[in-house]
Amino acid sequence: MAQALRPNTAGSLFATDDKPHPLQDTLLAVTLTLGILSFVTAQFHSLHLISSWAGLIGILTGAYGQWVSVTTRERFGLILGLGFSGVGFFLGMAHGGLFGGVF
């Protein structure tokens, strides 16, 4: 029964090895934020510049985050952010692309 009362002493929300991972947590937060931004703005045809650029940057930060990630929780969040970024990027490209209407 003693194991049921043991407190969780993890240094970070996403670290399961009791060590802090500030770079990985930052990449995770940036990837998720850009992914959600890209996905939401991709639903509007006139916001294709925001969705395509946010998606592209989200894909790049998510890929680097996957490369340096340490724990499974970080990888899970990065995959969610990468998925949202990819969908937003491709819908933004379908609606006009990275430079559509600018040049």
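Residues numbered from 1 in each chain as written. Predicted model: local features only at pLDDT ≥ 70, side-chain atom pairs only at ≥ 80, totals over all residues. Heavy atoms only, no water.

**Q** Residue-level account of the overall build of the chain, with values.
**A** Along the chain, the regular secondary structure elements total three helices and zero strands. Reading the helices (α) and strands (β) of the chain from amino to carboxyl end gives α-α-α. Counting over 103 residues, the chain shows a buried share of 36%. A fraction of 74% describes how many contacts in the chain between residues 6 or more apart in sequence connect residues 24 or more apart. (Helix = DSSP H or I, 4+ residues; strand = E, 2+ residues; numbered from the N terminus. Buried < 20%, exposed > 50% of the residue type's maximum accessible area, 1.4 Å probe, protein only. Contact = heavy atoms within 4.5 Å.)

**Q** Got a sec to walk through helix 3 (residues 72–95)? Specific residues and values, please.
**A** Side chains of residues three or four places apart in an α-helix project in the same direction, reflecting 3.6 residues per turn. For helix 3, spanning 24 residues, the distance from its first C-alpha to its last is 35 Å, which sits close to the expected 34 Å at 1.5 Å a residue. Considered for burial, the residues of helix 3 that qualify are E74, G77, L78, G81, L82, S85, G86, G88, F89 and G92. Looking at the buried side of helix 3, the elements it contacts are helix 1 (22–41) and helix 2 (48–68). Of the residues trailing helix 3, G96 is marked for its positive phi of about 160°. (Expected span 1.5 Å × (residues − 1).)

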